[in-house]
Amino acid sequence: ETAQLELKAQLEHHSVERRYIALTHGRPPGEAWTVSNHLADDRGDGLRGSIEGSPTPRSKHAKTDFVHLERIDKHVNLVEAKLHTGRTHQVRIHLAEGGTPILGDDRYGTAAANRGVSRLCLHAVVLGIRHPITGEALRFTSPIPDSIERQMRSLRHSNSNPSPKRRKSRRPKKRRG
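This write-up is about the structure you can find in this document. Please read all numbers here as calculations on a predicted model, not as lab measurements. (Residues numbered from 1 in each chain as written. Predicted model: local features only at pLDDT ≥ 70, side-chain atom pairs only at ≥ 80, totals over all residues. Heavy atoms only, no water.)

Next up on the list: the side chain of Asn77. Mapped onto the elements of the fold, Asn77 is located in strand E5 (residues 76-83). For Asn77, a relative accessible area of 4% corresponds to the buried category. Within the structure, Asn77 has its side chain in polar contact with the backbone oxygen of Gly26 (distance 2.9 Å). Sequence-distant contacts of Asn77, that is, excluding residues within four places in its chain, are made with Ala22, Leu23, Thr24, Gly26, Arg27, Pro28, His68, Glu70, Arg71 and Ile72. (Helix = DSSP H or I, 4+ residues; strand = E, 2+ residues; numbered from the N terminus. Buried < 20%, exposed > 50% of the residue type's maximum accessible area, 1.4 Å probe, protein only. Polar contact = N/O pair within 3.5 Å; in protein donor to acceptor, adjacent residues only side chain to side chain. Contact = heavy atoms within 4.5 Å.)

The structure is reproduced here in structure tokens:
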């Protein structure tokens, strides 16, 4: 119980390090950007999302820093998300509402972002906490899963080997005469 209370306190004080990577569809707003808003359990359409205007008693502050890591192809980018808060679907909502939904996100994404993708392309790569008893700093990392690596390789391959352009037929024109 002591460990549980300490970990809960770390989450409430925003001292837990959480980093995710995501494959997104669309152009990021820059090399680095921050989204800070209030999220509600229901934005009016049955989905979680940001609310306009003043926060409501049922909304919670959400803040995420993003960094553009790599352009994978014309429409797909690899981004990193650093969470300052930990709201349900926070990264998914912040990216989708910013016009760059995560590939494979069947809840907040778009048809274009889901085409040809078999899973949600979001993965926790870093978790950093203080040990709840000893206070030792602990940092756990997880490599990008094979399924997301395969998706990136496939997109890079199709981008580097464009299909050959068709040539227009060069038949001689018939002369009238």
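The rest of the description comes next.
Our next topic: the nonpolar core. Of all hydrophobic cores here, the largest spans 25 residues; its most connected members are Leu23, Val91, Leu95 and Leu103. At the level of elements, strand E1 (17-25), strand E2 (32-40), E5, helix H2 (90-97), strand E6 (122-130) and helix H4 (146-160) are the ones that each hand at least two residues to this core. Apart from the residues lying within four places of it in its own chain, the contact partners of Leu95 are Ala22, Thr24, Trp33, Phe66, Val79, Thr100, Pro101 and Ile102. Counting five residues, the second largest nonpolar core, distinct from the first, contains Leu39, Ala62, Ile93 and Tyr108. (Core = buried A, V, L, I, M, F, W, Y, C linked by side-chain atoms within 4.5 Å.)

So, on to the pairing of E2. Pairing analysis gives eight bridges linking E2 to strand E4 (residues 60-71), with the strands arranged antiparallel. Counterpart to Val35 in the pairing with E4 is Thr64. (Pairing = 2+ DSSP bridges.)

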